[in-house]
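Coordinate analysis (summary)
The primary structure of each chain is shown beneath.
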Amino acid sequence: MRIANLEGRAVFVFGSDAAEQAAPVAAVSDGRFGPDLAQVYAKWGEFKDWATTLSADALQAHAFGLDRALLGAPSPTPRQVFAVGLNYHAHAAESGFESPEHLPPVFTKYVSSFTGPDTTVVLPAGGNVDWEVELVVIIGRELHRVEPGDVWTSVAGLTVGQDISERVSQLRGPAPQFGLGKSFPGFSPQGPWLVTPDELANRDDLTLGCSIDGEDVQKGRTRDLIFPVPQLISGLSQMVTLYPGDVVFTGTPAGVGVGRDPQRFLQPGESLSTWIEGIGTLHQKFVAAE
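First, a word on what this report is: a plain description of the structure on this page. (Residues numbered from 1 in each chain as written. Predicted model: local features only at pLDDT ≥ 70, side-chain atom pairs only at ≥ 80, totals over all residues. Heavy atoms only, no water.)

1. Section: the layout of surface pockets
Roughly 330 Å³ of volume is contained in the largest pocket. Leu86, Ser95, Phe97, Gln170 and Phe178 are, among the 21 residues lining the largest pocket, the residues nearest its centre. Breaking the lining of the largest pocket down by element, the ones donating at least two residues are α5 (89-94) and α6 (167-171). Examining the composition of the lining of the largest pocket, we find that three residues originate from one element, α6, more than from any other. A breakdown of the residues in the lining of the largest pocket according to their chemical character gives nine nonpolar, six polar and six charged. (1 Å grid on protein atoms, 1.4 Å probe; cavity = no way out; pocket = protein on both sides within 12 Å on 5 of 7 lines; lining within 4 Å. Points joined across faces, edges and corners; volume = space filled by probe spheres on them. Helix = DSSP H or I, 4+ residues; strand = E, 2+ residues; numbered from the N terminus. Nonpolar A, V, L, I, M, F, W, Y, C, P; charged D, E, K, R; others polar.)

2. Comments concerning the pattern of salt bridges
Counted by the stated rule, this structure contains 10 salt bridges. Residues Glu46 and Arg32 are paired through a salt bridge, measuring 3.1 Å at the closest nitrogen-oxygen approach. Residue Glu46 is located in helix α3 (residues 44-51), and its partner Arg32 is located in the loop between α1 (25-28) and α2 (37-42); the two are separated by 14 residues in the primary sequence. By relative accessible area, Glu46 is classed as partly exposed at 39%. In this structure Arg32 comes out as partly exposed when scored by relative accessible area, which is 42%. (Salt bridge = Lys/Arg side-chain N within 4 Å of Asp/Glu carboxyl O. Buried < 20%, exposed > 50% of the residue type's maximum accessible area, 1.4 Å probe, protein only.)

3. Structural notes on the sheet that holds strand β9 (residues 118-123)
Strand order in the open sheet made by the five strands is β9-β19-β18-β15-β16, with mixed pairing throughout. Strands at the two margins of the open sheet, each flanked by one partner only, are β9 and β16 (215-221). Going across the sheet, the axis of each strand differs from the next one's by a mean of 20°, ignoring polarity. Pairing analysis gives six bridges linking strand β18 (residues 271-276) to strand β19 (residues 280-288), with the strands arranged antiparallel. The residue of β19 that forms the bridge with Ser273 is His283. (Pairing = 2+ DSSP bridges. Axes fitted to C-alpha atoms, helices over the stretch in contact; angles between N-to-C directions.)

4. Focus: empty space enclosed by the protein
In this structure the tally under the stated criterion is one cavity of 30 Å³ or more. Estimated volume of the largest cavity: approximately 40 Å³. If you trace the largest cavity, you find it lined by Leu135, Trp152, Arg203, Asp204, Thr222, Leu225, Pro228 and Val229. For the lining of the largest cavity, the per-class residue count stands at five nonpolar, one polar and two charged.

5. As for unusual backbone geometry
Each neighbour pair has its own omega, and for Gly34 with Pro35 the value is 10°, a cis peptide bond. By the secondary structure assignment, Pro35 is in the loop between α1 and α2. That bond from Gly191 to Pro192 is cis: its omega, -5°, falls within 30 degrees of zero. Topologically, Pro192 is positioned in strand β14 (residues 188-195).

Here it is, written out as structure tokens:
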């Protein structure tokens, strides 16, 4: 099942890559679920059980062509956003750190930075803006002290995310400002939609990557996560309560600009494409601040 945020409305997405169609959740369910994503996540278990009974005809009765330009982040108003650092060995090494042995570093990205999959991003003046492809998890039920074996049944779905990062403001002293440096407007594109884990051939081993103007700059596999999704979500839940619709950026593989020699950062006029196998692709265009 694929669920998207179309101008604030929850919609089913179906059809081919060349001709995706959408159907409003509220219309298909005759008002039982929705209309927005937060209301769907609040009843995720009930919604998912009901959705498995839907026929193609039920969707088609409310179908229309999907305009990607109108898509927003699949969970646009989470109560909490978790972002994880150093969750791939090679990325930890390129960043100059030892790989974490317990829970990896955790910070936040602010919801004001959330956007949909196809956007134009303004590069802050005087900054060094970097890319970080990430698998993003959206939580489907309230979790506290959950065991790893129970995590996947508690996940609403997965989506593609970019943890765009301005390294000057992120790293300057006296202490790093991870959350602020990674939360400029447009710095958290996500989408194009949520994909439920059962739609994926192997939810624990997905290829992910990104390219700048067609040149690959990152490529990895989620099987290489130091803390895979079950362990990561379980670990977070030992200390905090996670709520339906919460968003978790799970970390980035090697290949970021700050770890290169010489370092490389995004420039005005460049385009960034970010993708995850079985989920979809994001497209960001970068422009200079006026």
